[in-house]
Amino acid sequence: QVQLVESGGGLVQAGGSLRLSCAASRSIFSMSGMGWYRQVPGKSRELVASISRGGSRNYADSVKGRFTISRDNANNTVYLQMNSLKPEDTAVYYCNRWPVPDNLWGQGTQVTVSS
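The numbering scheme is per chain: residues are counted from 1 as the chain's sequence reads. The model is predicted, so local features are restricted to residues of pLDDT at least 70 and side-chain atom pairs to those at 80 or more, both for listing and for counting; the totals for chains, interfaces and linings are taken over all residues. Computation of side-chain values: all heavy atoms of the structure, hydrogens and water removed.

**Q** Mind showing me how you'd approach the overall build of the protein here?
**A** A helix here means a DSSP run of H or I that spans at least four residues, while a strand means a run of E at least two residues long, and both kinds are numbered starting from the N terminus. Along the backbone of the protein there are 1 helix and 10 strands. When the helices and strands of the protein are read in sequence order from the N terminus, they spell out β-β-β-α-β-β-β-β-β-β-β. Taking 115 residues into account, the globule formula puts the C-alpha radius of gyration at 13 Å, and the protein, at 13 Å, falls close to it. Projected onto its principal axes, the C-alpha positions of the protein cover 40 × 25 × 20 Å. Put simply, of all contacts in the protein between residues at least 6 apart along the chain, 54% involve residues at least 24 apart. Charged side chains in the protein number 12 positive and 7 negative. The centres of these two groups are separated by 5 Å. Radius of gyration here is computed from C-alpha atoms only, and the compact-globule reference equals 2.2 Å multiplied by the residue count raised to the power 0.38. Should any heavy atoms of two residues lie within 4.5 Å, those residues are considered in contact. When charges are counted, Lys and Arg are positive and Asp and Glu negative, with His and the chain ends excluded. Charged side chains are reduced to one point each, which is NZ for Lys, CZ for Arg, CG for Asp and CD for Glu.

Shown next as structure tokens:
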């Protein structure tokens, strides 16, 4: 009943683009906002972008102007459009509830940006 499936990651050159997708359970969408998080080995998971139940968006300073979060409520899906990618964007990207994540995380999707 609680499910998060991320997809769309891959290997791209600096300056390239990727579009990540997150298929979420209806139970998650019905009661909270959603966020995209990322994690690099040896570092804590960080919030990259969020979108509230009402559609209000916020971004980490490091990605502002380059990433866009959106949601399709009819299909219980959250997207992250990533443009002008930089090597420092390399990480495993996860989606989850925002502002309070569910205890169970999905498998994430790897994004690797080469210079």
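**Q** I'm lost on the pattern of salt bridges in this one. Help?
**A** Here a salt bridge means any side-chain nitrogen of Lys or Arg lying within 4 Å of a carboxyl oxygen belonging to Asp or Glu. Per the stated rule, a full pass over the model turns up 5 salt bridges. For the salt bridge of Lys64 with Asp61, the shortest nitrogen-to-oxygen distance reads 3.2 Å. Three labels apply to residues, based on accessible area from a 1.4 Å probe with only protein chains included: buried if under 20% of the type maximum, exposed if over 50%, partly exposed otherwise in between. For Asp61, a relative accessible area of 67% gives the class exposed. Asp89 is the partner of Arg66 in a salt bridge, and the nearest nitrogen-oxygen pair spans 2.8 Å. Separated by 23 residues along the polypeptide, Arg66 in the loop between strand 6 (57-59) and strand 7 (67-72) and Asp89 in the loop between strand 8 (77-82) and strand 9 (91-98) bring together distant segments of the chain. What you see here is one network of salt bridges that share partners, running through Arg38, Glu46, Arg66 and Asp89.

**Q** I'm lost on the pairing of strand 7 in this one. Help?
**A** A regular strand carries its side chains on alternate faces of the sheet. With burial as the criterion, only one face of strand 7 is covered, namely that bearing Phe67, Ile69 and Arg71; the residues Thr68, Ser70 and Asp72 on the opposite face remain uncovered. Paired strands are those between which DSSP finds at least two bridges. Counted along the chain from strand 7 to the antiparallel partner strand 8, the turn is 4 residues long, and its residue Asn76 has a positive phi close to 50 degrees.

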